[in-house]
Amino acid sequence: MAVKDRDRFSTATRLRLLGEQTAARVYRSQTKRQARRSRLTGRAALLALVLCSLIVALAYPMRQYVSQRAEIADLQRQREQARERVEQLRDLKARWQDDAYAEQQIRRRLHYVKPGETGYVVVDPGAARPSRADLGAAHRPWYANVWDGVDKSDASDQ
């Protein structure tokens, strides 16, 4: 037993134990470092950089393409509406060239009557425009009435 106790306190034994402990700590720290190391390699970083630059380079042209396609669709819709309006106007022009239609419209719009006929105009009391007094102009301040007059004259210009 004396030899074993002596080996336990010898300098060589202590150095060997310290070396083993240090090696164990270094091994543990290396495994932790390897576990913490990201899996991003140089190739993966380069690939990510290339993909990002492609996305940035293509973003503006794609946005322009989409906006131009939307503008083209809007212009086609406007063209179709204009074409329908032209057809309506051609139809109206053809109807006005018919003497019977023109006479009917003149009689209805201008209240013309043929000789010997009696013309009547029926006024619907509900359709009559209310007077200014009914609108409450007398109960408002004078400057509100002036401002309404300016608004109405401005609206008539348009």
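Residues numbered from 1 in each chain as written. Predicted model: local features only at pLDDT ≥ 70, side-chain atom pairs only at ≥ 80, totals over all residues. Heavy atoms only, no water.

**Things to note about the side chain of glutamine 105**
Relative to the helices and strands, glutamine 105 is located in helix 4 (residues 99–110). Classification of glutamine 105 by relative accessible area gives buried; the value is 6%. Residues within four places of glutamine 105 in sequence aside, it is in contact with Trp96 and Leu110. (Helix = DSSP H or I, 4+ residues; strand = E, 2+ residues; numbered from the N terminus. Buried < 20%, exposed > 50% of the residue type's maximum accessible area, 1.4 Å probe, protein only. Contact = heavy atoms within 4.5 Å.)

**With respect to the confidence of the model for the chain**
Looking at the chain as a whole, the pLDDT averages 83, with 79% of positions reaching at least 70. Element-level pLDDT for the chain is lowest in helix 1 (residues 2–8), with a mean of 56, against a maximum mean of 95 in helix 3 (residues 42–96). (pLDDT = per-residue confidence, 0-100.)

**A look at helix 4**
Because each turn of an α-helix spans 3.6 residues, side chains separated by three or four positions in sequence point in the same direction. Taking 1.5 Å of rise per residue, 12 residues should cover 16 Å, and helix 4 covers 16 Å from first to last C-alpha, within 8% of that figure. Buried within helix 4 are the following residues: Tyr101, Ala102 and Gln105. The buried side chains of helix 4 occupy one side of the element, clustering within an arc of 95° when seen end-on. Those residues of helix 4 that are exposed and aimed more than 90 degrees away from the buried face are Asp99 and Ala100. Check the buried side of helix 4 and you find it contacts helix 3. Where helix 4 terminates, the next one or two residues include histidine 111, which has phi positive at roughly 60°. (Expected span 1.5 Å × (residues − 1). Arc of directions from axis to C-beta.)

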